[in-house]
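# Residue-level structural notes
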Amino acid sequence: MSKKIYCLAQFQPKPGKTDELFEVLKALEPNSYREDGCIQYTVTRHIANPFAEGTSFPIVFNEIWQDQASFEAHCQRKEIVEFFETQCVAEDGLVADFNVCVYSDEPAEYDRPQLDN
């Protein structure tokens, strides 16, 4: 078990804006990878596959962070805040809907040893 944080940030582009939104999100990757605690930060596109026929938003960031503090620091970076303000919240943004969720690989009542830091 670990202290890692797994984030799925899903985006539904406005009609006709999928490619443009994908490029805007791809531009966030290089600086995010430079952050302390960033293990994985990859924007992906949904593809059709007969073995995975579930529904999903068309664009999803797959993120892994070293810990909660690293993830929260990322969320407060100017570049990330500006993305959400200009693309997700603003009327003229590229995003019609979004869903950001974080996950842990630890069971709910896992008795992880407490280490002194």
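One can find the structure itself at the top, above this paragraph.
Residues numbered from 1 in each chain as written. Predicted model: local features only at pLDDT ≥ 70, side-chain atom pairs only at ≥ 80, totals over all residues. Heavy atoms only, no water.

## Here we look at helix α4 (residues 78-89)
Condition: Secondary structure elements are taken from DSSP: a helix is a run of H or I of four residues or more, a strand is a run of E of two residues or more, and numbering for both begins at the N terminus. Take the residue count of a helix, subtract one, and multiply by 1.5 Å to get its expected span. With a 1.4 Å probe rolled over the protein chains alone, any residue whose accessible area is under 20% of its type maximum counts as buried; one over 50% counts as exposed, and the rest are partly exposed. Summarising the geometry, the arc corresponds to the directions from the helix axis toward the C-beta atoms. Contacts between residues were defined by any pair of non-hydrogen atoms, one from each residue, lying within 4.5 Å.
For α4, spanning 12 residues, the distance from its first C-alpha to its last is 15 Å, which sits close to the expected 16 Å at 1.5 Å a residue. Among the residues of α4, those classed as buried are Ile-80, Phe-83, Gln-87 and Cys-88. Down the axis of α4, the sector holding all buried residues measures 80°, keeping them to one side. Away from its buried face, by an angle of more than 90 degrees, α4 presents the exposed residues Lys-78 and Val-89. Along its buried surface, α4 packs onto β1 (5-13), α1 (18-26), α2 (29-33), β2 (38-45), α3 (68-75) and β4 (95-103).

## Some details on the nonpolar core
Condition: In this text, buried Ala, Val, Leu, Ile, Met, Phe, Trp, Tyr and Cys residues form a nonpolar core when linked through side-chain atoms within 4.5 Å.
Core analysis: the biggest nonpolar cluster contains 20 residues, and Phe-11, Leu-21, Leu-25, Phe-61 and Phe-83 have the highest contact counts within it. Those elements giving two or more residues to this core turn out to be β1, α1, β2, β3 (59-65) and α4. Setting aside residues up to four positions removed in sequence, Phe-83 forms contacts with Phe-11, Leu-21, Val-24, Leu-25, Leu-28, Cys-88 and Val-95.

## Digging into the environment of Glu-63
Inclusion rule: We call two N or O atoms a polar contact when they sit within 3.5 Å, provided that within protein one can donate a hydrogen and the other can accept it, with sequence-adjacent residues counted only if both atoms are side-chain atoms.
Residue placement: Glu-63 occurs in strand β3. Residue class for Glu-63 comes out buried when judged on its relative accessible area of 6%. Taking the C-alpha atoms as reference, Glu-63 lies 7.5 Å from Ile-39; in sequence the two are 24 residues apart. With residues up to four places along the chain from it excluded, the contact list for Glu-63 reads Ile-5, Tyr-6, Cys-7, Ala-9, Gln-40, Tyr-41, Phe-71 and His-74. At 2.8 Å, the side chain of Glu-63 and the side chain of Trp-65 are in polar contact.

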